Amino acid sequence: MSDPKRELVRSWLAKAQRDLASARALAAADPPLLDTAVYHCQQAAEKAIKAFLVFCDCEFGRVHDLEALVIAAAPFAAAFWDWADAARRLTPYVRIYRYPGYADEPTPPEFGEALEDAEGIFAFVLSLLPEDMHP
């Protein structure tokens, strides 16, 4: 594998890791900023899956639909299907709380589920990739 590709995969994963850290920090703020925190959960999962797709030389375009990304990744690792429900739950967070008029603030349990889903997808992707690509 080329060094530029390895670095690109690592960069996607580093961004995903920072999104997870941002989600945790925003949720721990006083008051908690859960609307932004759940957005970062979605972003972390999206970037982790995109890192895997880069690793597999699979183009994905400007897609924010995590279920579509899981479908793209599943031919390379069938266990991605186990994450389809999490992807479906996380996808709306790319927009639902970012703009007024869509929904009220997420609840702490909703954030907890989003963080668990995002951390699970991130850990799953890491388990599929060589350690030298981990951030």
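Quick summary incoming for the structure in this document. Keep in mind it's a predicted model, so treat the numbers as computed, not measured.

## Side note on the state of the cysteines
Each disulfide consists of one covalent bond between the sulfur atoms belonging to two cysteines.
Item 1. Under the counting rule described, the total for this entry stands at zero disulfides.
Item 2. Considering cysteine sulfurs only, Cys58 is the nearest to Cys56, which forms no disulfide, with 7.3 Å between them.

## Focus: helix H5 (residues 108-128)
Item 1. Compared with the 30 Å implied by 1.5 Å per residue over 21 residues, the 30 Å span of H5 between its first and last C-alpha is a close match.
Item 2. Buried residues of H5: Phe111, Ala114, Leu115, Asp117, Ala118, Gly120, Ile121, Phe122, Phe124, Val125 and Leu126, and no others.
Item 3. Close packing links the buried residues of H5 with helix H1 (3-28), helix H2 (34-55) and helix H4 (84-90).

## Comments concerning unusual backbone geometry
Item 1. Here the amide bond leading from Asp30 into Pro31 is cis, since omega sits at 5°, within 30 degrees of zero.
Item 2. One can find Pro31 in the loop between H1 and H2.
Item 3. Not every positive phi belongs to a glycine, and Asp57 is a case in point at roughly 60°.
Item 4. Assignment of secondary structure puts Asp57 in the loop between H2 and helix H3 (66-73).
Item 5. Taking the relative accessible area as the measure of exposure, Asp57 reaches 62% and is therefore exposed.

## A short note on the packing of H2 against H3
When two helices pack together, you describe them by how their axes are tilted relative to each other and by the distance separating the axes.
Item 1. With their axes 10 Å apart at the nearest point, H2 and H3 run at an angle of 20° to one another. Of the possible angle classes, the one that applies to H2 and H3 is roughly parallel. Judged by the sense of rotation from one axis to the other, the crossing of H2 with H3 is left-handed. Listed contacts from H3 to Gln42, Ala45, Glu46, Ile49, Lys50, Phe52 and Leu53 of H2 are Leu66, Leu69, Val70, Ala72 and Ala73.
Item 2. Among the residues forming the contact of H2 with H3, the class breakdown is nine nonpolar, one polar and two charged.

## Let's talk about the pattern of salt bridges
Item 1. Enumeration according to the criterion identifies eleven salt bridges in this entry.
Item 2. Ionic pairing is found between Asp85 and Arg88, a salt bridge with its closest N-O pair at 2.5 Å. Residue Asp85 and its partner Arg88 are located together in helix H4, separated by three residues, close to a single helical turn.
Item 3. Owing to a relative accessible area of 40%, Arg88 belongs among the partly exposed residues under this scheme.
Item 4. One salt bridge in this structure joins Glu113 and Arg89, with 3.6 Å as the shortest N-O distance. With Glu113 in helix H5 and Arg89 in helix H4, this pair connects stretches of sequence that are 24 residues apart.
Item 5. A relative accessible area of 39% means that Glu113 is categorised as partly exposed.
Item 6. One network of salt bridges, in which partners are shared, links Asp3, Arg6 and Asp132.

Cut-offs used in this document
Residues numbered from 1 in each chain as written. Predicted model: local features only at pLDDT ≥ 70, side-chain atom pairs only at ≥ 80, totals over all residues. Heavy atoms only, no water. Disulfide = S-S within 2.5 Å. Helix = DSSP H or I, 4+ residues; strand = E, 2+ residues; numbered from the N terminus. Expected span 1.5 Å × (residues − 1). Buried < 20%, exposed > 50% of the residue type's maximum accessible area, 1.4 Å probe, protein only. Contact = heavy atoms within 4.5 Å. Axes fitted to C-alpha atoms, helices over the stretch in contact; angles between N-to-C directions. Parallel < 35°, antiparallel > 145°, perpendicular 65-115°, else oblique. Left-handed = near helix turned anticlockwise from the far one by under 90°. Nonpolar A, V, L, I, M, F, W, Y, C, P; charged D, E, K, R; others polar. Salt bridge = Lys/Arg side-chain N within 4 Å of Asp/Glu carboxyl O.

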